[in-house]
Amino acid sequence: DYGDKVSDEDRQKINGAISELKSALDSGDAEQIKQKTEVLKEASYKLAEEVYKASSENADGASTEGGEQAGASEQETGTDNSETVEDVDYEVVDEDDNK
């Protein structure tokens, strides 16, 4: 879906790394598989960056709209959704030891 968001050069690097990893998987050589996996991971960083940008842009627009709606509904109902969180210590008692 995001292939058009990266340059042709980056897309070719990713596709090449995928092909090399498939070949390594077919060979069964564990060291080569690790190496080709690392190459694919590095090649895909640019794509991951573009996906992150797109998702954060979508989330920013949605949270602004959703935040306004949530604030309105809280005012209408008059409820407060805040919670107090306490950090406590506890001890687990095994009932089998008491018998």
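Rules used in this analysis
- Residues numbered from 1 in each chain as written.
- Predicted model: local features only at pLDDT ≥ 70, side-chain atom pairs only at ≥ 80, totals over all residues.
- Heavy atoms only, no water.
- Salt bridge = Lys/Arg side-chain N within 4 Å of Asp/Glu carboxyl O.
- Helix = DSSP H or I, 4+ residues; strand = E, 2+ residues; numbered from the N terminus.
- Buried < 20%, exposed > 50% of the residue type's maximum accessible area, 1.4 Å probe, protein only.
- Core = buried A, V, L, I, M, F, W, Y, C linked by side-chain atoms within 4.5 Å.
- Contact = heavy atoms within 4.5 Å.
- pLDDT = per-residue confidence, 0-100.
- Expected span 1.5 Å × (residues − 1).
- Arc of directions from axis to C-beta.

Caption draft 1: Region of the structure containing the pattern of salt bridges. Taken as a whole and assessed by the stated rule, the structure comprises seven salt bridges. Asp8 is the partner of Arg11 in a salt bridge, and the nearest nitrogen-oxygen pair spans 3.0 Å. In this pair, Arg11 and Asp8 both sit in helix α1 (residues 8-27), three residues apart, roughly one turn of the helix. Residue Arg11 is classed as partly exposed on the basis of its relative accessible area, which comes to 30%. Between Glu50 and Lys53 there is a salt bridge whose closest N-O contact spans 3.8 Å. In this pair, Glu50 and Lys53 both sit in helix α3 (residues 45-77), three residues apart, roughly one turn of the helix. On the accessibility criterion, Glu50 (15% relative accessible area) is buried.

Caption draft 2: Region of the structure containing the nonpolar core. Counting five residues, the largest nonpolar core is built from Ile14, Ala17, Leu21, Leu40 and Ala43. Looking at this core, the elements with two or more residues in it are α1 and α2 (30-43). Top element by residues in this core is α1. It accounts for three residues. Residues within four places of Ala43 in sequence aside, it is in contact with Lys13, Ile14 and Ala17.

Caption draft 3: Examining the confidence of the model for the protein chain more closely. Mean pLDDT for the protein chain: 76, with 71% of residues reaching 70 or above. Mean pLDDT across the secondary structure elements of the protein chain bottoms out at α3, with 64, and peaks at α2, with 91. In the model, residues 66-75 has pLDDT below 50 throughout and makes three contacts with residues more than four positions away in sequence or in other chains.

Caption draft 4: Summary view of α1. For α1, spanning 20 residues, the distance from its first C-alpha to its last is 29 Å, which sits close to the expected 28 Å at 1.5 Å a residue. Among the residues of α1, Asp10, Ile14, Ala17, Leu21 and Ala24 are the ones counted as buried. Along the long axis of α1, the arc covered by the buried residues comes to 85°, so they all point the same way. Facing away from the buried side of α1 by over 90 degrees, the exposed positions are Asp8, Glu9, Gln12, Lys22 and Asp26. At the C-terminal side of α1, Gly28 shows a positive phi close to 80°.

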